[in-house]
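# Coordinates in review
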Amino acid sequence: MMKKTDSQLQHDVLAELEWEPAVDHADIGVAVNDGVVTLSGYVKSFAEKLAAEKAVRRITGVKAIAEEIKVRLASDRKIADHEIARRIVDMIAWTASIPDDKVKVKVEHGWVTLSGTVDWYFQSMEARKAVARISGVVGVTNLIEVKPLPAPADVKSRIVSAFKRQADLDAAAVTVTTDGGTVKLSGKVHAWNERSIAERAAWSAPGVTKVVDFLSIA
């Protein structure tokens, strides 16, 4: 597969942002240097900021993302911190996958800090996604920790099996090593989405509390 030039990558990223309905690309700038994409400019919500980053990750040839987009709310959408906090607490309570008694919320000038301890990594990510849907949120710091669970002896084989079920991922190209609840991934993949597939498979294994990604994009 021929390596894309930076100008080709920039064109593809701009096209993907324009195509993505969840993103208003008008105020987003894109720069590319040796495969590293820098996003700058402004969006109207934190959820839109996440959607822009997710769109870029879909592009083949992107090695990394430097995300410098800022959330600029319209004046009539400014919401008091206590109101944002109340909405977040309600949203978490309504989301069955998030243990609301385990998550603590702090809001300062629209910036949300989540803390606490949960049993599974996906619960931490669900809490972050729930916060992103709240109007008035300009950013999120996720300090939620995953409680270490007894890592099963076959955690490595579970992850490798998950890799093999993914048609888009060459399981033989990815090396998995484990140390307690920590999983280390190494080797080479062909695109950013393959790297994401490998990370998701590792996080979904029982007992995993940390994933260290040393995968490189060939």
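Relevant structure appears above.
These lines cover the structure that appears in this document, whether it is placed above or below. Note that the structure is predicted; figures quoted are calculated from it, not measured.

Moving on: the overall build of the protein chain. Helix and strand counts for the protein chain come out as 6 helices and 12 strands. Across the 218 residues of the protein chain, 38% fall into the buried class. In the protein chain, the share of contacts with a sequence separation of at least 24, taken over all contacts with a separation of at least 6, comes to 65%. Counting only carbon and sulfur atoms, one obtains 52% of the accessible surface of the protein chain, whose full area is about 12100 Å².

With 14 residues, helix 1 (residues 6-19) extends 20 Å from end C-alpha to end C-alpha; this agrees with the ideal 20 Å at 1.5 Å per step. Buried residues of helix 1: Leu 9, Val 13, Glu 16 and Leu 17, and no others. Along helix 1, the residues classed as buried sweep out an arc of 100° about the axis, all on the same side. Relative to its buried face, helix 1 has exposed residues pointing more than 90 degrees away, namely Ser 7, His 11, Glu 18 and Trp 19. For helix 1, the secondary structure elements touched by its buried residues are strand 1 (28-33), strand 2 (36-43) and helix 2 (46-57).

This paragraph deals with the pattern of salt bridges. Across all of its chains, the model carries 12 salt bridges by this definition. Two residues, Lys 129 and Glu 126, come together in a salt bridge whose shortest N-O distance is 3.0 Å. Taken together, the positions of Lys 129 and Glu 126, both in helix 4 (residues 121-132) and 3 residues apart, correspond to about one turn of that helix. Note that Asp 213 is salt-bridged to Arg 195, the shortest N-O span being 2.8 Å. Residue Asp 213 is found in strand 11 (residues 210-213), and its partner Arg 195 is found in helix 6 (residues 192-203); the two are separated by 18 residues along the sequence. Grouping residues by exposure puts Asp 213 and Arg 195 together as buried. Salt bridges linked by common partners bring Glu 83, Arg 86, Arg 87 and Asp 90 together as one network.

Pairing of strand 5 (residues 103-108) with strand 6 (residues 111-118), which is carried by 6 bridges, proceeds in the antiparallel orientation. Following the sheet pairing, Lys 104 is matched in strand 6 by Ser 115. Counting the residues that bridge the hairpin from strand 5 to strand 6 gives 2 residues, and of these His 109 lies at a positive phi of roughly 55°.

What follows covers empty space enclosed by the protein. Under the counting rule described, the total for this entry stands at 1 cavity of 30 Å³ or more. A volume near 50 Å³ is recorded for the largest cavity. The residue makeup of the lining of the largest cavity, split by class, is 7 nonpolar, 2 polar and 2 charged.

Another aspect to go through is helix 4. Along its 12 residues, helix 4 runs 17 Å from first to last C-alpha, staying within 8% of the 16 Å computed at 1.5 Å per residue. Here helix 4 has its buried residues at Gln 123, Ser 124, Ala 127, Ala 130, Val 131 and Ala 132. In this structure, the buried residues of helix 4 make contact with helix 2, helix 3 (81-94), strand 6 and strand 7 (139-142).

A few words now on the nonpolar core. Among the nonpolar cores identified, the biggest contains 21 residues, and Val 13, Leu 17, Ile 28, Val 37, Leu 39, Val 56 and Val 62 are the most heavily contacted of them. Elements with a contribution of two residues or more to this core: helix 1, strand 1, strand 2 and helix 2. With 4 residues, helix 2 is the single largest residue contributor to this core. Among all residues touching Val 56, those that are not within four sequence positions of it are Val 13, Leu 17, Val 37, Leu 39, Val 62 and Ile 65. Ranked by size, the runner-up nonpolar core spans 19 residues in total, among them Ile 88, Val 112, Ala 127 and Val 137.

Basis of the calculations
- Residues numbered from 1 in each chain as written.
- Predicted model: local features only at pLDDT ≥ 70, side-chain atom pairs only at ≥ 80, totals over all residues.
- Heavy atoms only, no water.
- Helix = DSSP H or I, 4+ residues; strand = E, 2+ residues; numbered from the N terminus.
- Buried < 20%, exposed > 50% of the residue type's maximum accessible area, 1.4 Å probe, protein only.
- Contact = heavy atoms within 4.5 Å.
- Areas by Shrake-Rupley, 256 points an atom, 1.4 Å probe, with all protein chains shown as cover.
- Expected span 1.5 Å × (residues − 1).
- Arc of directions from axis to C-beta.
- Salt bridge = Lys/Arg side-chain N within 4 Å of Asp/Glu carboxyl O.
- Pairing = 2+ DSSP bridges.
- 1 Å grid on protein atoms, 1.4 Å probe; cavity = no way out; pocket = protein on both sides within 12 Å on 5 of 7 lines; lining within 4 Å.
- Points joined across faces, edges and corners; volume = space filled by probe spheres on them.
- Nonpolar A, V, L, I, M, F, W, Y, C, P; charged D, E, K, R; others polar.
- Core = buried A, V, L, I, M, F, W, Y, C linked by side-chain atoms within 4.5 Å.

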